[in-house]
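# Descriptive analysis of the structure
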Amino acid sequence: MKYDAVLAETVGITGHGGDLIEAYTARPMDAAPHSGMIVIHHMPGYDAGTKEITRRFATMGYSAICPNLYTREAPDADPDDAAATARANGGVPDERFVGDAGGAAAWLRALPNATGRVGVIGYCSGGRQAVLTGIEVDVQAAVDCYGAFVVGTPPEGFPLQVSPLADRIGELGAPLLGLFGNDDSYPSPDQVDELEKLLQHHGKTYEFHRYDGAGHAFFSVDRPAYRPEAAVDAWQRIESFLGTHLGAA
């Protein structure tokens, strides 16, 4: 009989500047070696849906962790309130995010049964941050789920005020899986095309999948944007991609 228990809990990890930040982790409870996954939450925040995704990676055989990127803005706040505070500030500064992502990777690698291989996945604003992680942090796989403004600039008044990463794609150190809806506006199909051309220009290893009839947030099971067919196919793509680039889960 296969033992498939997982442990899910809130922990504190060392983030940017040595700050103690909140994180949610889920990991298999056997002694086998496991690769790690950093889960980056969407702009609506460190919420129940993101924690469910974190647990899903544990059932897939990964030690997973989701850092609460809004810990400093609104410690112990309801996810909606924390997200509102973060939006009012234009989102999470890139330098601070990179420090928190690096802390999450270090935490995963310090687990006694870690393989040392770590991947990252992000949704919405977290998709852009997953690409940034692939540029700045030692990870072996990156998954961008409809990340806005990897290329392109936010319009005036948009709650996420960040700079595009187009001029840094040449620094990407991890293979990239991109999952996009063709009805999305941020990123639009044209922006996805632009990113793909940059990846090709720089000779990067990547894999893109685009879904008709799907827009932004098609993974979100509790939102009207959820598209089951696209999400089911995309999860299969994620599992295959991570199996290729992270090896043993």
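Use the structure listed above.
The sections below set out a description of the structure shown in this document. It should be emphasised that the depicted structure is a prediction, and the values quoted were computed from it without experimental measurement. (Residues numbered from 1 in each chain as written. Predicted model: local features only at pLDDT ≥ 70, side-chain atom pairs only at ≥ 80, totals over all residues. Heavy atoms only, no water.)

Take the pattern of salt bridges next. Here the structure, examined in full by the defined rule, presents eleven salt bridges. For the salt bridge of arginine 72 with aspartate 19, the shortest nitrogen-to-oxygen distance reads 2.8 Å. You can see arginine 72 sitting in the loop between β4 (63-67) and α2 (79-88) and its partner aspartate 19 sitting in the loop between β1 (6-14) and β2 (20-28), a full 53 residues away along the chain. The partner of arginine 168 in a salt bridge is glutamate 171, and the shortest N-O contact between them spans 2.9 Å. Put simply, Asp19, Arg72 and Asp100 are held in one network by salt bridges that share partners. (Salt bridge = Lys/Arg side-chain N within 4 Å of Asp/Glu carboxyl O. Helix = DSSP H or I, 4+ residues; strand = E, 2+ residues; numbered from the N terminus.)

This next bit is on helix α5 (residues 189-201). If you check α5, its first and last C-alpha atoms are 18 Å apart, about what 13 residues at 1.5 Å a residue would give, namely 18 Å. For α5, the set of buried residues is Gln191, Val192, Leu195, Glu196 and Leu199. Down the axis, α5 shows its buried residues gathered within 140° of arc, on one side only. Turned more than 90 degrees away from the buried face of α5, the exposed residues are Asp190, Lys197 and His201. Of the surrounding secondary structure, the elements contacted by the buried residues of α5 are β6 (141-145), β7 (176-181) and β8 (206-211). (Expected span 1.5 Å × (residues − 1). Buried < 20%, exposed > 50% of the residue type's maximum accessible area, 1.4 Å probe, protein only. Arc of directions from axis to C-beta. Contact = heavy atoms within 4.5 Å.)

Attention now goes to the packing of aromatic side chains. Within this structure, the stated rule accounts for 14 aromatic pairs. Note on tyrosine 123 and phenylalanine 219: the rings are 5.5 Å apart at their centroids and 85° apart in plane angle, and the pair reads as edge-to-face. Taken together, the positions of tyrosine 123 in strand β5 (residues 114-123) and phenylalanine 219 in the loop between β8 and α6 (228-246) put the pair 96 residues apart, joining distant regions of the chain. For phenylalanine 219, a relative accessible area of 7% corresponds to the buried category. With 5.0 Å between their ring centres and 70° between their planes, phenylalanine 180 and phenylalanine 208 make a pair best called edge-to-face. Taken together, the positions of phenylalanine 180 in strand β7 and phenylalanine 208 in strand β8 put the pair 28 residues apart, joining distant regions of the chain. In textbook terms, an aromatic cluster arises when at least three aromatic residues are bridged by ring pairs, as seen for Phe57, Tyr62, Tyr123, Tyr146, Tyr211, Phe218, Phe219 and Trp235. Lying over the aromatic face of tryptophan 235, arginine 56 brings its terminal NZ or CZ to 4.0 Å of the ring centre. (Phe/Tyr/Trp six-rings, centres within 6.5 Å; stacked < 30°, edge-to-face > 60°. Lys NZ or Arg CZ within 6 Å of the ring centre and 35° of its normal.)

Everything listed here is a matter of coordinates, which is why it stays silent on function.
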